[in-house]
Structure formats: structure tokens, C-alpha cells
Amino acid sequence: MEQPDWNEKPLRELMRHIVRRHHGYLRVALPEVHGRMQRVFAAGGGQAAERPLGRVFAEMWDEMDLHLEKEETILFPYIERLEAAREAGLGIPAARSEWGENPLGLMEDEHASAIAAMETMRRLAGGYEGCAHHGELMAGLEDLRLDLRVHIHLENNILFPRVRRMM
Ligand SMILES: [Fe+2]
Ligand SMILES: [Fe+2]
């Protein structure tokens, strides 16, 4: 499917695309990959939470849930107001007080942390080679990594720079 030029489209369309396509994907894929991980662990015996791979995954999942929520409930609605104000020739709208000094920088840090977690998981998951279900776990992690790469590219390299130019 041909991708629109996101440098040209209104930000509200880009954000709608990110939420539908990439946030929607994560909300389905994270539980799915978790299930695959459980099957690998079950085949080897023991509890997922005791294992470093299970811990890194659980932490990443929690962080991602919060991250998506922050974008959807605070950051993206603010960007919509900012874009509307700019289109109307108005000034920069006030941000909600709980939104800190550098919201875009915070999101970028969380993206970097998710990418680092994906790399760690890939390395740790490699240790289960030979285990039943290993292949499907690696494939699930790879899908996650690839989608996350596109998702983060749209935010870090297109959405956020465009927002910074509006401020
Ligand atoms: Fe996002
Ligand atoms: Fe994000």
C-alpha cells in the first residue's frame, strides 16, 4: 500500500494514522508475543517472571502501555489544538499543567528505552534456541521490532520536528 507523504499531510491525519496503525498493532501484538514467550518458557519449565527475558518484556509492556496512553490522552490532543491554533493564525495554546517541561524529549527517551529493550530481548531470546516454539517467538519479536521502527520514525523524524517548528 502506498504511504502518503507525511511531511505534507495535516498533523491530525498523521496522528490518527499512528494511533490506528501502530498503537493498534502494539495492543494486539504485545499480548500475542507474551503468549509465545509463555509457551517457550512452559516448554522449558519454570515461571516467566523469574527469567530475565520475561522481566524485560513485562517492563517494556508496562512502559509502552503508559507511553501510548500519554500520547493519546495528552500529547496528541495538545498537538491537535496547536495545529488548529496555528491554522487560525492564533498563538500557542496553553498545555496542561501535568505536562512537563520537555514532553517531546520525554517521548524520545521512552522510544530509545523501547528500542533498547527490543535489542535486549532479541539477545536473551536467542538463548532459547532449540526450545520448542523458539522460532515463533523470534518471529514475533522481529515483527514487533520492525513495526516499532516505523512507528518511532514517524514520531521522532516527522511528527515531533514538525511540532517543534510550530512552537
Ligand atoms: Fe506512538
Ligand atoms: Fe511514541
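Okay, so let's go over this structure. In this text, all values refer to a predicted model and were calculated from it rather than measured experimentally. (Residues numbered from 1 in each chain as written. Chains lettered and ligands numbered in written order. Predicted model: local features only at pLDDT ≥ 70, side-chain atom pairs only at ≥ 80, totals over all residues. Heavy atoms only, no water.)

### As for the pattern of salt bridges
The full count for this structure, using the stated rule, is eleven salt bridges. In this structure, lysine 70 and glutamate 110 form a salt bridge, with 2.6 Å as the shortest nitrogen-oxygen distance. Taken together, the residues lysine 70 in helix α2 (residues 52–87) and glutamate 110 in helix α3 (residues 103–126) connect sequence positions 40 residues apart. Salt bridges linked by common partners bring Glu119, Arg122, Glu142 and Arg145 together as one network. (Salt bridge = Lys/Arg side-chain N within 4 Å of Asp/Glu carboxyl O. Helix = DSSP H or I, 4+ residues; strand = E, 2+ residues; numbered from the N terminus.)

### Brief notes about the packing of α2 against α3
Contact pair α2 / α3: the axes reach a minimum separation of 10 Å and the direction vectors enclose 155°. Looking at the two axes, α2 sits roughly antiparallel to α3. α3 is crossed by α2, and the crossing has left-handed handedness. Of the residues belonging to the contact of α2 with α3, the class tally is 17 nonpolar, four polar and four charged. (Axes fitted to C-alpha atoms, helices over the stretch in contact; angles between N-to-C directions. Parallel < 35°, antiparallel > 145°, perpendicular 65-115°, else oblique. Left-handed = near helix turned anticlockwise from the far one by under 90°. Nonpolar A, V, L, I, M, F, W, Y, C, P; charged D, E, K, R; others polar.)

### Description of helix α1 (residues 11–44)
End to end, α1 covers 47 Å across 34 residues, agreeing with the expected 50 Å (1.5 Å per residue, within 8%). Helix geometry: α1 is bent most strongly at valine 19, by close to 30°. (Expected span 1.5 Å × (residues − 1). Bend = angle between axes of the 7 residues up to and from the residue.)

### Observations regarding α3
Its 24 residues give α3 an end-to-end C-alpha distance of 35 Å, which sits within 8% of 34 Å, the value for a rise of 1.5 Å per residue. All buried positions along α3 are accounted for by Pro103, Leu104, Gly105, Met107, Glu110, His111, Ala114, Ala117, Met118, Met121 and Ala125. As for α3, its buried residues are in contact with α2 and α4 (134–166). (Buried < 20%, exposed > 50% of the residue type's maximum accessible area, 1.4 Å probe, protein only. Contact = heavy atoms within 4.5 Å.)

### Focus: the coordination of the iron ion (ligand 1)
Distances from the iron ion (ligand 1) to its protein donors, His23 (NE2), Glu71 (OE), His151 (NE2) and Glu155 (OE), fall within 2.0 to 2.2 Å. For the iron ion (ligand 1), the four donor atoms in the first shell make angles of 87 to 167° at the metal, a pattern classed as irregular. Spacing between the donor residues of the iron ion (ligand 1) along their common chain follows H-x47-E-x79-H-x3-E. In this model, the iron ion (ligand 1) sits 3.1 Å from the iron ion (ligand 2), the two metals being bridged by glutamate 71. In this pair, histidine 23 sits in helix α1 while histidine 151 sits in helix α4, placing the two residues 128 residues apart along the sequence. Histidine 151 gets classed as buried once you look at its relative accessible area, which sits at 2%. (Donors = N, O, S within 2.8 Å, 3.2 Å for Na, K, Ca; no water. Tetrahedral: all angles 85-135°; square planar, octahedral: opposite > 155°, others 65-115°.)

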